[in-house]
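As a plain string of letters, each chain reads:
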Amino acid sequence: MLYLAAEKAQDPLLPVWPEIVIGLICFAIIFFLFSKKLLPAINKALDERREAIEGGIEKAEAAQTEAQSVLEQYKAQLAEARHEAARLRQEAQEQGAVIIQEMKAEGQRQREEIIAAGHAQIEADRKAASSALRQDVGKLATDLAGKLVGESLQDHARQSGTVDRFLDELEAKAEAAR
């Protein structure tokens, strides 16, 4: 009973001193063990993790910087390729214009050659036709003259002189009429 009376006598809000001392000693031992053994391991793990994160951030920043420089190089190459394509297109247009001009000049030259050859052929045909016509007209004229005169005009020298003189007179009259 005494024990109960002693318990009742103690105020529940006041701590028991032997328990406080034992609790402080246990706390000090656990704190000492944590600070010497566990806390350095935790700090070491946290430091390693922080360094890994910082290294990862640095690597990410380096990779981003490298990616940015590669992007800039790509853009520069793309711009250069576009410029080169525009230059090649311009050269092709200029070469096409030169080729077209050359082809036109060649066509004009060939046209003029064909026209000149045609004129030469026409002139040769005209002379041949004129010569054939002269001979036919001469033969017909001598035959007609022979029938009118009643004698044969078969002498070739006389015939050709008469025909030439007659045709020359006709040509002179034709030129005078023009």
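Residues numbered from 1 in each chain as written. Predicted model: local features only at pLDDT ≥ 70, side-chain atom pairs only at ≥ 80, totals over all residues. Heavy atoms only, no water.

(A) Main features of the overall build of the protein chain. In terms of regular secondary structure, the protein chain is built from 3 helices and 0 strands. Scanning the protein chain from its N terminus toward the C terminus, one meets helices and strands in the order α-α-α. Per-residue burial for the protein chain yields a buried fraction of 3% across its 178 residues. Roughly 15,800 Å² of accessible area belongs to the protein chain as shown, and the carbon and sulfur atoms make up 63% of that amount. (Helix = DSSP H or I, 4+ residues; strand = E, 2+ residues; numbered from the N terminus. Buried < 20%, exposed > 50% of the residue type's maximum accessible area, 1.4 Å probe, protein only. Areas by Shrake-Rupley, 256 points an atom, 1.4 Å probe, with all protein chains shown as cover.)

(B) Structural detail: the packing of aromatic side chains. With the rule as written, the count across this model stands at 1 aromatic pair. Ring geometry for phenylalanine 27 versus phenylalanine 31: centroids 6.1 Å apart, planes at 20°, classification stacked. Here phenylalanine 27 pairs with phenylalanine 31, and both are found in helix α2 (residues 17-149), just 4 residues apart, close to one helical turn. With respect to class, phenylalanine 27 is no different from phenylalanine 31; both count as exposed. (Phe/Tyr/Trp six-rings, centres within 6.5 Å; stacked < 30°, edge-to-face > 60°.)

(C) Quick look at the pattern of salt bridges. Here the structure, examined in full by the defined rule, presents 7 salt bridges. Of the charged contacts in the structure, one is a salt bridge between glutamate 113 and arginine 109, with a shortest N-O distance of 2.2 Å. With glutamate 113 and arginine 109 both in helix α2, this residue pair falls 4 residues apart, about one helical turn. Its relative accessible area of 36% is what places arginine 109 among the partly exposed residues. Several salt bridges converge on common partners, so that one network encompasses Asp47, Arg50 and Glu54. (Salt bridge = Lys/Arg side-chain N within 4 Å of Asp/Glu carboxyl O.)

(D) Looking closely at a nonpolar patch on the surface. Together, Ile30, Phe34, Leu38, Leu39, Ile42 and Leu46 make up a nonpolar patch on the protein surface, roughly 530 Å² of accessible area in all. For leucine 39, the location among the structural elements is in helix α2. You can call leucine 39 partly exposed: its relative accessible area is 41%. (Patch = residues over 30% accessible without salt bridge, like charges linked within 9 Å, V, L, I, M, F, W, Y side chains within 5 Å.)

(E) Broad picture of the confidence of the model for the protein chain. Here the protein chain averages 83 in pLDDT, while 87% of its residues score no lower than 70. Confidence scores differ between elements of the protein chain, with helix α1 (residues 2-9) showing the lowest mean pLDDT of 52 and α2 the highest of 89. (pLDDT = per-residue confidence, 0-100.)

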